[in-house]
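Letter by letter, the chains look like this.
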Amino acid sequence: MDYKQAKERIEELKEIIRENNEAYYVFDSPKITDFEYDELYRELKRLEEEFPELKTQDSPTQKVGGNIVQGFKEHTHKYRLYSLDNSNNYDDLRKWYERVKKEYPNENDLDLVVELKIDGLSCALSYKDGELIIGATRGNGIIGENITQNIKEIKTIPQKLTKPVNLEVRGEVYMPVTSFERLNEENIEKGLKEFANPRNAAAGSLRQLDSKITAQRDLHFFAYTAISDDKNLFKTHYEGMKLLEELGFETNPNYVLVKGINPVIEKCEYWADERFNLNYATDGMVIKINDLAKQNELGYTSRAPKWATAFKFPPEEVWTKLEGIELSVGKTGAVTPIANLTPIQLAGTTVKRASLHNFDEIKRLGINIGNEVLIKKAAEIIPKVIRKREYEDFGVYSAPDKCPECQTPLIKPEGEVALYCPNTLYCPAQIKGRIEYWASKEAMDIDGIGESIVEKLYNKGLIKDFADLYKLTIDDFMTIDLIKEKSADNLYNAIQASKNPSMTKFLTALSIKFIGKETADIIANEFPTLESIINATYEDLIKIDGIGEKASQSIIDYFKDENNKIILNKLQEYGVNPQGSAFEKTSNTLEGKTFVITGTLSMPRNVFEEKIKKAGGKVSGSVSKKTSYVLAGENPGSKFDKATALGVIILTERDFNLLFEDNN
Ligand code: AMP
Ligand code: ZN
C-alpha cells in the first residue's frame, strides 16, 4: 500500500470506528460484532505504525471510546481509566510477558493474576470514609458520566463499607444472561426493542435518566481493582482483591495468582470453552502483574497500562449463509428445523449447522434460505441463529404441514410452540429416535448402540421398540454388515448388562414427553419403585417440588396408554427391572433439605449425592427458590450465579462436612 492509499484507508477506518464507537458507547446498540470492530481497530493501528506521520491526535487508537449522553453530569475521574491492550493468540501473550520480564532480569517467574474479562460496563466508584459518594462510567477515561443515583440501585454495590476507608473501586456492571433473556422476552411482549447482548442490556439499563428503571433491572457488579493513596493498605493486586471482598464487594471468584506465562495460557484455554457455562458474558481474560510497585514502574501508554494485557477469546459470533433448512423428527414427534450453513470457523471449530428451535422462531427471525445469518456459539453443542442482515429480504420459510418422515399431517398442541407428528406408534423417525435415546448416555448408557446400528436393526425388522433390544441374539447382530463375532458379542453383553438400571435412568429412557433426566430424578426420589409411579395420581405428582402440570399429566397419560403397557410388560418379561431407590436412608439429618451441586469437588459428585440422600436430603439438578443449599466446588458454573442471585446459601466442601459433624 502506498502513502496515498494508506491515507485514504486510514481516514475511512477512523470514520467507521468513530461511528461504531458512538453506536456502542453512546447508544448501547452496536452495528457490528466485537470481532469485526477489533479487526478494523487492528488494521488502523497497523497502518499507523507503518506510516507514523499519518497518526493524528484525534485517532481512535489514541483514546478510549465513549461519550457523554446528554442529561448526565460530567465527572472528572480522580485516576484515569485506561483501556487494555489485547491479543487473540498465545504468541502475543508470551511476547507481552517477555517484554515485561526483560525489565526484571534478575527475578524468577513473575507473579501474575489471571482473571475473567467481564463483558459489561466499567464503572468507577469513590468511597470516602467508607461511604459511597460517586459512581461514574468510564466515558473517555478522563471524564465520565456521574451516575451515582443509578449505581445506588445495584444491590451488589455496598453503599457503606465494612471499614471507613478512602478508596476508588473499579469494576464491571453486568446483567446475568438469564436476566438478559427474560428482559428481552418482556420487551418483545411490550413491543419494545430487544438488546443485542447482555452488555448492551446492562449499559442501557444503567445509563437511564430515570433511576427507577435501573432499579427494575437485574444488574450486578464485580469489583476488579482497588486504588488507594495509602500505599500500605495493600501491596499487590491480589491483596487488593481480598480487601475488596472484606469490604463487602463481590469479586468474580475465578481469579487466580500464578507464576509466569504458562499457567496463564492454561487458564485461557480452559475458559475459552468453560465460559459458556457461566451466567454472565465474558469476552476474554485479563492478565495483570501482581506487584503494585512493579505496576508503577512499568506505567502506561497513551491508552493502556503496560503492566496488564487482555486475551480475547475467538469470536463467538460470525456471519454465514443459510443454505438450507433440515427437518428433524425427534423421539416425541416434535419436528425441529435445523439450519444448514456454509461451513465457517466459529470459536475454534468449523460450524455447518445451527439450531433454529421451532417455526415460531423462524418467523420471528424473518429468515429464509439464502439469507446471511449471524450465528453464535451457545452453551449447547450446536450454535444458534441470532439474526439476519437487516437489508436482506428473502421472505420467511414456511412451516411444513406434513411429517417429512411418514407424511402424516402435523399438529400443534395448544400452548406449545412445537409442531408434532401425531403418528407416535408408527412414524419410523420416532420409533428409531426412542430406541436410540433408550441406549444413549443420558438414559441406559448402552455402549455401541447408536444411530447407525439402530437404523440397521430397525430396517431388518429385528426391533420394533426398545424392549426388543433385549431379545436380540448374537446371531441377530451378525446378520448386519461389517459386524463380526467379537463386536456382536460386545453389543449383546452391553445390552444384557443394562438390565438393572437405577429408577432415574429407567424413567428417563422411556422417552416420556416433558420427562428429561432431571425431572426423572426428582420423581425417582419420591417414588422409588415402578409400581409406586404407575399408581401415583395427578395430585400426588403435582405436589412434588419441581414437577409441573405438563409433566404430571404426561406421566399419567404415559402409563395409561395401552401400547406403553405392552412395552413395559415386554421389558419385565425380558428381565429389565429398575432398582428401587439406590440409597437407603440412614438418618434424618438433612430431612426436607434440597441440595444442588456445582463445580469441582475433591471427590466425584455421586459420593456427595449419596451422603445427602442417606441423610434424608434430596439432590436436584437446578437451583430454584426452594433450594436449601448449593454445594459449590472449584470453578462453579451458572448454578452458582443463580444461587447468589436468589440468595440461596452456598456451602464449600468444608461447610458441607460441618453439617454432618454438628449432628454426630
Ligand atoms: P477494552 O474495553 O477492550 O479496552 O478493555 C478494557 C475494559 O475491560 C475495561 O475498561 C473494563 O471495562 C473491562 N474489564 C472487564 N473485566 C476486567 C478485569 N477483570 N480487569 C480489568 N478490566 C476488565
Ligand atoms: Zn412422522
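Residues take numbers from 1 onward in each chain, read along the sequence in its written order. Working convention: letters from A go to chains and numbers from 1 go to ligands, in the order in which they are written. Where totals are concerned, whole chains, interfaces and linings use all residues; where local detail is concerned, this predicted model gives features only for residues with pLDDT of at least 70, and gives and counts side-chain atom pairs only at 80 or more. Values reported for side chains reflect all heavy atoms of the structure, with hydrogen atoms and water molecules removed beforehand.

## Quick word on the overall build of the chain
Selection criterion: Helical segments are the DSSP runs of H or I of at least four residues, strand segments are the runs of E of at least two, and each set is numbered from the N terminus. Per-residue and other accessible areas were derived by the Shrake-Rupley procedure at a 1.4 Å probe size, with only the shown protein chains allowed to occlude residues. Note that His is not counted, nor are the chain ends; the positive residues are Lys and Arg, and the negative ones are Asp and Glu. Taken as the charge location is NZ of Lys, CZ of Arg, CG of Asp or CD of Glu.
Scanning the chain from N- to C-terminus turns up 24 helices and 21 strands. In terms of principal-axis extent, the alpha carbons of the chain reach across some 80 × 70 × 55 Å. Here the chain displays about 33200 Å² of accessible surface, and carbon together with sulfur accounts for 49% of that area. With 89 positive and 105 negative side-chain charges, the chain shows a separation of 2 Å between the mean positions of the two kinds.

## Quick word on unusual backbone geometry
Put simply, the test is: Burial classification: accessible surface area is computed with a 1.4 Å probe over protein chains only, and a residue below 20% of its type maximum counts as buried, one above 50% as exposed, and the rest as partly exposed.
Of note, the phi angle at D129 is positive, near 45°, even though the residue is not glycine. Relative to the helices and strands, D129 resides in the loop between β4 (121-128) and β5 (131-137). Judged by its relative accessible area of 44%, D129 is partly exposed. A positive phi angle, close to 65°, is found at H357, a residue other than glycine. If you trace the backbone, H357 turns up in the loop between β14 (349-355) and α11 (359-365).

## What to know about the confidence of the model for the chain
Note the following rule: On a range of 0 to 100, pLDDT expresses the predictor's confidence in each residue.
Across the chain, the average pLDDT comes to 89, with 95% of residues at or above 70. The secondary structure element of the chain with the lowest average pLDDT is helix α22 (residues 605-614), at 78, and the one with the highest is strand β3 (residues 111-118), at 98.

## Some points on the domain arrangement of the chain
To be explicit about the condition: Residue ranges assigned to the domains are those given by an automatic or database domain assignment.
The domain boundaries assigned to the chain delineate domain 1 (3-62), domain 2 (74-312), domain 3 (317-419), domain 4 (428-573) and domain 5 (594-662). The C-alpha-based centres of domain 1 and domain 3 are spaced at 35 Å.

## Points about the environment of G333
Inspection of the secondary structure assignment puts G333 in the loop between β12 (317-329) and β13 (334-346). In this structure G333 comes out as buried when scored by relative accessible area, which is 0%.

## Quick word on the coordination of the zinc ion (ligand 2)
For the record, the criterion: Metal-coordinating donors are taken as N, O and S atoms lying within 2.8 Å of the metal, or within 3.2 Å when the metal is Na, K or Ca; because water is left out, some sites can appear incomplete.
The protein atoms that coordinate the zinc ion (ligand 2) are C403 (SG), C406 (SG), C421 (SG) and C427 (SG), at distances of 2.3 to 2.4 Å. Motif for the zinc ion (ligand 2), donor spacing along one chain: C-x2-C-x14-C-x5-C. With C406 in the loop between β16 (384-388) and β17 (419-420) and C421 in the loop between β17 and α12 (428-439), the pair connects residues that are 15 residues apart, well separated along the chain. Residue C421 is classed as buried on the basis of its relative accessible area of 2%.

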